[in-house]
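Letter by letter, the chains look like this.
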Amino acid sequence: MKAVLMAGGKGTRIQSIAPDIPKPMVQIGGKPVLEHEIDCLRKQGITNIIITVSHLHSVITDYFGDGSRFGVSIRYFHELSPLGNAGALYRLRGELTEDFFLLNADVMLDVDFIRMLAYHKSKYAVATVLSHPNSHPYDSGLIIADETSAVTRWLSKDDPRPEFYKNCVNAGVHILSPAALDFSELNAKRVDCGEKVDLDRHILKPMAGSAKLYRYNSPEFVMDMGTPDRYHRVQQAFLQGRIQKRNLRWPQRAVFLDRDGTINKYVGFLKDIN
């Protein structure tokens, strides 16, 4: 199974920390964020990787090469002119012959990809997005789903929001079938003519209400590095070991509350009414 990692953004909001390298190359724990992402994929047997590059692309290609040093196979798609964050998918359509992972390359994560893939297949989904609450739902893709987790509405960050809504946003981790590209009015020819493709607005949002797009809720750690504040929060989470511990391959801690909000302690079967 392939994974496509989108690493072409400029990262203008984090240039105070990394002015001369692409955002995916910002280091956490002595390794670029993109390397952490590739490590997570490799450990789960996902080793066929395509990286889309543009801004300062040589920093990425020189570091990772063909991927053999990292136990994976990497090829690159170089955007000579901006295609939007998903335009490269239309140029790569001939290579994307089966379901594939699509990841933002500037997020720090530790996700059980195999579990997510099993969920995707169980829903017979054309697309599945990993969703979670975050600290900035007001500028994130907001996902509204029914009781089966089929996405019924997709609110882009510039769409009006209801007064009250659940904090459930797109985390930047997706599984797509090639057929997902057909839900957009765009195609390779229009992309070749210079039209830019936004993943949320042009591909995912048109799928809402089709029963083909599903939300995969997960408590696992996924955080983008878009601002200096988020960068420092990721650094702290890494140093505290919180990133790895939230992967669902490991047992998770739980607190059980009764309806009064009281923390319960099990003391065996009660035999005395007092």
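Asker: Could you give an account of the environment of methionine 108, with specific residues and numbers?
Answerer: Turning to its location among the elements, methionine 108 is positioned in strand E7 (residues 107-109). Methionine 108 sits 93 residues away from arginine 201 along the chain, and the two C-alpha atoms are 23 Å apart. Residues contacting methionine 108, with those up to four places away along its chain left out, are Ile28, Val33, His36, Phe221, Val222, Met223, Met225, Val234, Phe238 and Ile243.

Asker: Tell me about the pairing of strand E6 (residues 100-104), and name the residues and values.
Answerer: When you tally the buried positions in E6, you get four out of five residues, the bulk of the element. Pairing of strand E1 (residues 2-7) with E6 involves four bridges; the strand directions are parallel. Bridge pairing in E6 links valine 4 to leucine 102. As paired elements, E6 and strand E11 (residues 169-176) share four bridges and run antiparallel to each other. Looking across to E11, one finds that leucine 103 is bridged to valine 173.

Asker: Can you lay out the environment of histidine 78 for me, pointing to particular residues and giving the numbers?
Answerer: Here histidine 78 is to be found in strand E5 (residues 73-78). In the structure, histidine 78 is positioned 103 residues away from leucine 181 in sequence and 20 Å away in space, judged by C-alpha atoms. The contact partners of histidine 78, leaving out residues within four places of it in the chain, are Val53, Ser54 and His57.

Asker: Describe in detail the environment of isoleucine 203, supporting the description with residues and values.
Answerer: With respect to the element layout, isoleucine 203 can be found in helix H6 (residues 199-204). Along the chain, isoleucine 203 and asparagine 134 lie 69 residues apart, while their C-alpha atoms are 22 Å from each other. For isoleucine 203, the residues in contact, after removing those within four places along its chain, are Ala86, Leu89, Tyr90, Ala180, Leu181, Phe183, Ser184, Val197 and Asp198.

Asker: Describe the packing of aromatic side chains, listing the residues and the values that go with them.
Answerer: Taken as a whole and assessed by the stated rule, the structure comprises five aromatic pairs. With a centroid separation of 4.8 Å and 75° between ring planes, the pair formed by tyrosine 63 and phenylalanine 64 is classed as edge-to-face. By relative accessible area, which is 28% here, tyrosine 63 ends up partly exposed. Phenylalanine 64 gets classed as buried once you look at its relative accessible area, which sits at 2%. When the centroid spacing of 5.1 Å and the interplanar angle of 50° are considered together, the rings of phenylalanine 64 and phenylalanine 70 count as tilted. Phenylalanine 70 gets classed as buried once you look at its relative accessible area, which sits at 9%. Against the face of tyrosine 63 rests arginine 69, its NZ or CZ located 5.4 Å from the ring centre. The ring of tyrosine 165 has arginine 161 sitting right over it, with the charged end atom 5.9 Å from the ring centre.

Reading the values: the criteria
Residues numbered from 1 in each chain as written. Predicted model: local features only at pLDDT ≥ 70, side-chain atom pairs only at ≥ 80, totals over all residues. Heavy atoms only, no water. Helix = DSSP H or I, 4+ residues; strand = E, 2+ residues; numbered from the N terminus. Contact = heavy atoms within 4.5 Å. Buried < 20%, exposed > 50% of the residue type's maximum accessible area, 1.4 Å probe, protein only. Pairing = 2+ DSSP bridges. Phe/Tyr/Trp six-rings, centres within 6.5 Å; stacked < 30°, edge-to-face > 60°. Lys NZ or Arg CZ within 6 Å of the ring centre and 35° of its normal.

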